[in-house]
Amino acid sequence: MDGRTAILSKIRASLKTSRADDDRHAAVATRLAQTPRGIIPARGQLPAEERVALFRAMAEKYNATTEHIHGLAAVPAIVSAYLKGNNLPAAIRIGTDPRLATAPWASQATLEIRHGASDGQDLAAVSHAFGAVAETGTLAVLSGPDNPVTLNFLPEHHIVVVNAEEIAGDMENIWARLRVLKGSAMPRTVNFITGPSRSADIEQTLLLGAHGPRALHIVIVGTAAD
């Protein structure tokens, strides 16, 4: 008997269950298939425009900056303006997100675009969020070649684009949509980002950029839908 089998056998014995416990197997299968929800807070259950407004208010409460634009075509100019406004070099790191790829980056002739994961030397990065949570001002960013996870942590400035229609009232809706779209092929990580990195561990003094970007700029694109 190997170690794993021995440990599981001891657990079954302590629970007074047998290996062929069909009822327990059926209960687990049902739980996984139905994915029941707990109590959902009412704060985020709002009409579309109010939901976006709540998301912006909560994100800004936690030191992020936000702006709302009509379409992806404006993203390159927005990114260039952000870099200029923060006295940053005209250079960004970006993944292979197909939505961001449709933006007219060539319109910004002086903007240098580096692709792939960050090596820690980039000052600014651009990602596209899978969705967002209105009640907490939180972004949901999936890992993968489209949006390398290093972009969430290494550059000092993180610019994140999110579609207005993908701003949910609560986190449970984000997980439900992820299950539907991805099925069993889930991303390796789902990063929930609320504001820039910060810590008050040392003498209760708030320090931005303690273990990630010290600035988070959120660009909301399009019109939200109920």
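Residues numbered from 1 in each chain as written. Predicted model: local features only at pLDDT ≥ 70, side-chain atom pairs only at ≥ 80, totals over all residues. Heavy atoms only, no water.

Draft legend 1. Summary view of the packing of aromatic side chains. Taken as a whole and assessed by the stated rule, the structure comprises 1 aromatic pair. Over the ring of Phe130 we find Arg177; its NZ or CZ atom is 3.9 Å from the centre of that ring. (Phe/Tyr/Trp six-rings, centres within 6.5 Å; stacked < 30°, edge-to-face > 60°. Lys NZ or Arg CZ within 6 Å of the ring centre and 35° of its normal.)

Draft legend 2. Structural view of helix H6 (residues 171-182). With 12 residues, H6 extends 16 Å between its outermost C-alpha atoms, agreeing within 8% with the 16 Å of an ideal straight helix rising 1.5 Å per residue. Capping the start of H6, Asp170 holds a side-chain oxygen 3.2 Å from the backbone nitrogen of Glu172, two or three residues further along. The positive-phi residue at the C-terminal boundary of H6 is Gly183, with phi of around 60°. (Helix = DSSP H or I, 4+ residues; strand = E, 2+ residues; numbered from the N terminus. Expected span 1.5 Å × (residues − 1). Polar contact = N/O pair within 3.5 Å; in protein donor to acceptor, adjacent residues only side chain to side chain.)

Draft legend 3. Quick peek at the side chain of Glu166. Mapped onto the secondary structure, Glu166 falls in the loop between strand E7 (157-163) and strand E8 (167-168). We classify Glu166 as buried; its relative accessible area is 17%. Other than its neighbours up to four places away in sequence, Glu166 contacts Arg99, Ala129, Phe130, Gly131, Ala132, Ile174 and Arg177. (Buried < 20%, exposed > 50% of the residue type's maximum accessible area, 1.4 Å probe, protein only. Contact = heavy atoms within 4.5 Å.)

Draft legend 4. Focus on helix H2 (residues 22-34). Look at H2: 18 Å from first C-alpha to last across 13 residues, which is about the 18 Å you get at 1.5 Å a residue. Positive backbone phi, at 40°, marks Thr35, one or two positions downstream of H2.

Draft legend 5. Quick look at the pattern of salt bridges. This structure, assessed with the given rule, holds 6 salt bridges. In this structure, the salt-bridge partner of Arg114 is Glu112, at a minimum N-O distance of 3.2 Å. Judged by relative accessible area, Arg114 falls into the partly exposed class, the value being 30%. Its salt-bridge partner being Arg114, residue Asp122 comes within 3.2 Å of it at the nearest N-O pair. Within this structure, Arg93, Glu112, Arg114 and Asp122 form a network of salt bridges that share partners. (Salt bridge = Lys/Arg side-chain N within 4 Å of Asp/Glu carboxyl O.)

Draft legend 6. Structural view of the environment of Ala103. Note that Ala103 resides in the loop between helix H5 (98-101) and strand E3 (112-115). A relative accessible area of 6% places Ala103 in the buried class. Distance from Ala103 to Ala73, taken between C-alpha atoms, is 5.1 Å for residues 30 residues apart in sequence.

Draft legend 7. Representation of a nonpolar patch on the surface. Together, Ile7, Ile11 and Leu15 give the surface a local cluster of nonpolar side chains, amounting to about 290 Å² of exposed area. With respect to the helices, strands and loops of the structure, Leu15 is situated in helix H1 (residues 3-15). (Patch = residues over 30% accessible without salt bridge, like charges linked within 9 Å, V, L, I, M, F, W, Y side chains within 5 Å. Areas by Shrake-Rupley, 256 points an atom, 1.4 Å probe, with all protein chains shown as cover.)

Draft legend 8. Examining the pairing of E7 more closely. A large share of E7 lies buried, amounting to 7 of its 7 residues. Of the two faces of E7, the one carrying His157, Ile159, Val161 and Asn163 and the one carrying His158, Val160 and Val162 are both buried. Sheet topology places strand E4 (residues 124-128) next to E7; 5 bridges connect them, and they run parallel. Looking at the pairing, Ala125 lines up with His158 of E7. Of the pairings in the sheet, the one linking E7 to strand E12 (residues 215-221) comprises 7 bridges and is parallel in character. (Pairing = 2+ DSSP bridges.)

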